[in-house]
Amino acid sequence: MSNTTNRPKITPSKSALKIDGLTVSYGDKTAIFSVDANFPIASMSAIIGPNGAGKSTLLKAVIGVQPKLSGQIHIFDNPIENNLKKIAYVPQRVSVDWDFPTNVIDVVQMGLYRQVGLLGRMKGKQASIAMECLDRVGMADLWQKQIGQLSGGQQQRVFLARALAQDAEIYLLDEPFSGVDAATERAIIDVLKSLKSKNKSIIAVHHDLATVRDYFDYVLMINIKNIAEGLINETFTNENLQSAYGGKLELTHAEELSATKDRVTE
Amino acid sequence: MNTFVQAMLFQAGYNVALVTVGAILLGIASGSAGTFLFLRKRALVSDAIAHATLPGVGVAFIIMIWLGGDGRSLLGLLFGSAITALIGLFLIEWIPRRTRLPEDAAIGSVLGVFFGAGIVLLTVIQTMSSGRQAGLESFLLGSTAGMLFQDAVVIAIGGFLSILGIWIARRPLTIVAFDKDYAISMGYDIRKIDLLMMGLVLGVTVIGMKLVGLILIVAMLIIPAVTARFWSNHTDEVVVIAGFLGGLSGYIGAVLSASAPSLPTGPIIVLIAIVLFALSLFLAPNSGVFSTFIKHRKTKSYIHRRQGLLTIAKGKDVVSSFTRKLLASEGLSGSDGLTDKGRKLVTKILIDENRWIAAKEIYPDKDMNIDYGIKPIEETLTKEELIKLDQYIKSHKFKSITYDY
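Fair warning: this is a prediction, and the values are worked out from it, not measured in the lab.

Trainee: How would you sum up the overall build of chain A? Please name residues and give values.
Mentor: Regarding its fold elements, chain A presents 11 helices and 10 strands. In chain A, the share of contacts with a sequence separation of at least 24, taken over all contacts with a separation of at least 6, comes to 70%.

Written as structure tokens, this is what we have:
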């Protein structure tokens, strides 16, 4: 007892997802090393960094797909282990076999599997929840389509609808805009913004530096290790971009990106 | 009545009826359990653990003799086979996780080592005085000669349990097979679910050893599932169809081999399953070879006809000789340009073309490029969308393309 009372009291923090000292390695190659992060509630956060910086690995380690060597992960100040149902994960499109015998509505209903249990019926209310989620991503009229016949953007929207069906507090997305058409990108960002307005927290691995400012309000920059973290306006700077991307980013390009700051804040 | 018809009606004797019922039940169980094996891409793992049952059969026989028993008790032998198969399964999972060997090497080594050990044990048993009549080698390719009522009961109970297991666990099994990472993120323990799936498969393997034999049981797990895939795009339906096809193969195979006693039952059942597979491969309505070929031809002609006619209507020359031949053979164009029939079709195509262009403008959130020019727009849009589209085209906001043809 005395041990615990001596500790400073945990004040209710404003963090949706808190990561402390997370290290992951593949064999003897370190993918991410001692990364800390503290993603705020009800905001849109981006995880950015060059190829091979460990962005996707970070997300996978958070949800337990990738075993971690060390590190603590907390959701709303509670250990993640018993709180996975507060998280909805949207994997990369390429991670699944699209020739699988299943159609659009079946995939969305997967988001309800935990809720209905092993033998619960997927009819009535559950079925209408799934349709509603499809409608929110603008895919309701394709509900019967075999998933292999969808375009890349449509596949991504189905994945988002499946995550919506989980009715989670935190949405973790792995490159949601990668390889999708402009209409899909707009549809996805609209859905994410409406989630944010309902106090949900969005955390996305993002690869397109040009849109970071428009879409997100918080950013974590990593390159194996922490580079910078904070609100976009303070953190998404030329200097930080240079140290995250090093020589991989043209100097002029970095200046151009951070220069948009003035335009946006004006 | 000849033997074939008698066997079909379960009238060809007690043993034949028993074998037929057993084969049907085994086929249903293996077909449905095998579907998840196929969807999870674990077919070779199941082949390896099927081979890993053999040393268990030998060891169980020796122990039962040593304890003063008969040695041929089916339950005892199946129990022994399940033990070594589980050890094999554990090794296949452990080797890639803890060593640098990839999974295929683990599968290959487990299969080879266990099967080799099993053959050595069988040879040793042959030299034992009580082993000569044991007939253990029938586990390799199956045998129906000495099938007893209790053997059929073992198959029936085992088959029923595995089907029950599949039905209860169908959602976790599906989600792990489709999207493993997502399943983990939802809190599913995929090691447990995979273990359950392999457990079901192992159950089917063990009860199928007597009838089909351990070498060919993988065929009964995989072939019905692959065949069923041609007939449905829904996981649940594929499971049911695979069970049906497995049962059908078992029935036909058992009846055939009963009417020609020199034919081995297990391999005949597998060959029937392969015949059903071949028929589906060629004849399945949506994904079969013939229908794919015809669909491809149809799409190709549609595109060439459409674009060729548009080109002529624009007053340009058609370059592709395939297009020229197609249009001529269908009487759409002649030596002096479009025929009347061709002109009528151009009018229709122009309406379609304008609709596609307009659709891109008023439905920017739909992905209009997927089907553009490949099929008529009526197949992509709903009736209401089409009405809205036509109103837009008639309005002054849209400028239709017109050609002088």
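Trainee: So what about the interface of chain B and chain A? Which residues, and what values?
Mentor: The parts lose accessible area when they come together, and the size of an interface is often stated as this lost area. With 24 residues of chain B at the interface, the matching set in chain A holds 30 residues. Contributing elements (two or more residues each) for the side of chain B that touches chain A: α9 (170-178), α10 (180-185) and α13 (235-259) of chain B. Considered class by class, the residues forming the side of chain B that touches chain A number 11 nonpolar, seven polar and six charged.

Trainee: Describe unusual backbone geometry, naming the residues involved and giving the relevant values.
Mentor: Residues and elements named next belong to chain A. You will see that Glu175, though not glycine, has its phi angle at about 50°, which is positive. Position of Glu175 among the secondary structure elements: in the loop between β7 (170-174) and α7 (182-197). Positive phi is not limited to glycine here, since Ile224 has a value of about 65°. When you line up the elements, Ile224 lands in the loop between β9 (218-223) and β10 (225-231). Taking the C-beta count within 10 Å as the criterion, Ile224 has 19 such neighbours and is therefore assigned partly exposed.

Trainee: Talk me through the sheet that holds strand β6 (residues 87-90) of chain A; I want residue IDs and the actual numbers.
Mentor: Residues and elements named next belong to chain A. The strand order across the open sheet built from six strands is β6-β7-β8-β3-β9-β10, with neighbouring strands paired in mixed fashion. Looking at the sheet topology across the chains shown, the edges are occupied by β6 and β10. On average, each strand axis in the sheet is inclined to that of its neighbour by 15°, with strand direction left out of account. Where strand β3 (residues 44-48) lies against strand β8 (residues 201-205), four bridges are found, and the strand directions are parallel. Within β8, the residue paired with Met44 across the bridge is Ile202. Relative to β6, helix α6 (residues 152-165) is tilted by about 170°, and along the sheet it contacts β6 and β7.

Trainee: Give me the lowdown on helix α2 (residues 14-39) of chain B, citing residues and values where you can.
Mentor: Residues and elements named next belong to chain B. Between its first and last C-alpha atoms α2 spans 38 Å; for 26 residues at 1.5 Å apiece the expected length is 38 Å, and the two agree. Along α2, 22 of the 26 residues are buried, which leaves the element largely enclosed by surrounding structure. After α2 finishes, the residue Lys41 shows a positive phi value of roughly 60°.

Trainee: Outline the packing of α2(B) against α13(B), listing residues and values.
Mentor: Any two packed helices are characterised by how steeply their axes cross, that is the angle between the axes, and by the distance between the axes. Residues and elements named next belong to chain B. One way to put it is that α2 packs onto α13 with a least axis distance of 7 Å and a crossing angle of 155°. If you check the angle between α2 and α13, you find them roughly antiparallel. As α2 runs across α13, the sense of the crossing is right-handed. Across the contact of α2 with α13, the residue classes tally to 14 nonpolar, 13 polar and no charged.

Trainee: I'd like a rundown of helix α6 (residues 103-127) of chain B, residues and numbers included.
Mentor: Side chains three or four residues apart in an α-helix point the same way, a direct result of the helix having 3.6 residues per turn. All names here are of chain B. Over its 25 residues, α6 extends 37 Å from the first C-alpha to the last, a length consistent with the 36 Å expected when each residue adds 1.5 Å. Among the residues of α6, those classed as buried are Ala106, Ile107, Val110, Leu111, Phe114, Phe115, Gly118, Leu122 and Ile125. Looking at the buried positions of α6, the neighbouring elements they touch are α3 (43-51), α4 (53-66) and α5 (74-98).

Trainee: Outline the domain arrangement of chain B, supporting the account with residue identities and numerical values.
Mentor: Each assigned domain of chain B is listed here: domain 1 (10-264) and domain 2 (290-394). Put simply, the middle of domain 1 of chain B and the middle of domain 2 of chain B, counted by C-alpha atoms, are 53 Å apart.

Trainee: Got a sec to walk through the pairing of strand β1 (residues 15-26) of chain A? Specific residues and values, please.
Mentor: Consecutive side chains along a regular strand alternate between the two faces of the sheet. Residue and element names in this part refer to chain A. For β1 and strand β2 (residues 29-40), the ladder comprises eight bridges, and the chain directions are antiparallel. Paired with Leu22 across the bridge in β2 is Val35. Counted along the chain from β1 to the antiparallel partner β2, the turn is two residues long, and its residue Gly27 has a positive phi close to 60°. Sheet topology places β1 next to strand β4 (residues 70-75); five bridges connect them, and they run antiparallel. Directly across from Leu17, in β4, lies its bridge partner Ile75.

Trainee: Explain the sheet that holds β4(A) to me, using residue names and the numbers behind them.
Mentor: All names here are of chain A. In space, the four strands of this open sheet follow the order β2-β1-β4-β5, with antiparallel pairing throughout. A strand with exactly one partner marks an edge of an open sheet, and here the two such strands are β2 and β5 (78-79). Running at roughly 110° to β1, helix α2 (residues 55-63) makes contact with β1, β2 and β4 of the sheet.

Trainee: Give a detailed account of the confidence of the model for chain B, specifying residues and quantitative values.
Mentor: Across chain B, pLDDT averages 89, with 97% of residues at or above 70. Model confidence for the complex: the whole-complex pTM is 0.85, and ipTM, which rates the interface, is 0.88.

Trainee: Give me the lowdown on the packing of helix α5 (residues 124-136) of chain A against α6(A), citing residues and values where you can.
Mentor: All names here are of chain A. In contact at an axis separation of 8 Å, α5 and α6 are set at 135° when each is read in the N-to-C sense. It follows that α5 is oblique to α6 by the angle criterion. Like other packed secondary-structure pairs, α5 and α6 cross with a definite hand, here right-handed. Between α5, through Ile129, Ala130, Cys133, Leu134 and Arg136, and α6, the contact on the second element is made entirely by Ala161, Leu164 and Ala165. The residue inventory of the contact of α5 with α6, partitioned by class, reads seven nonpolar, no polar and one charged.

Trainee: Account for the environment of Ile125(B), naming residues and giving values.
Mentor: With respect to the helices and strands, the residue Ile125(B) is situated in helix α6. In sequence terms Ile125(B) and Phe61(B) are 64 residues apart; their C-alpha atoms lie 8.4 Å from each other.

About the cut-offs
Residues numbered from 1 in each chain as written. Chains lettered and ligands numbered in written order. Predicted model: local features only at pLDDT ≥ 70, side-chain atom pairs only at ≥ 80, totals over all residues. Helix = DSSP H or I, 4+ residues; strand = E, 2+ residues; numbered from the N terminus. Contact = placed C-beta atoms within 7 Å. Nonpolar A, V, L, I, M, F, W, Y, C, P; charged D, E, K, R; others polar. Buried ≥ 20, exposed ≤ 12 C-beta atoms within 10 Å, placed from the backbone. Pairing = 2+ DSSP bridges. Axes fitted to C-alpha atoms, helices over the stretch in contact; angles between N-to-C directions. Expected span 1.5 Å × (residues − 1). Parallel < 35°, antiparallel > 145°, perpendicular 65-115°, else oblique. Left-handed = near helix turned anticlockwise from the far one by under 90°. Domains from an automatic or database assignment. pLDDT = per-residue confidence, 0-100.

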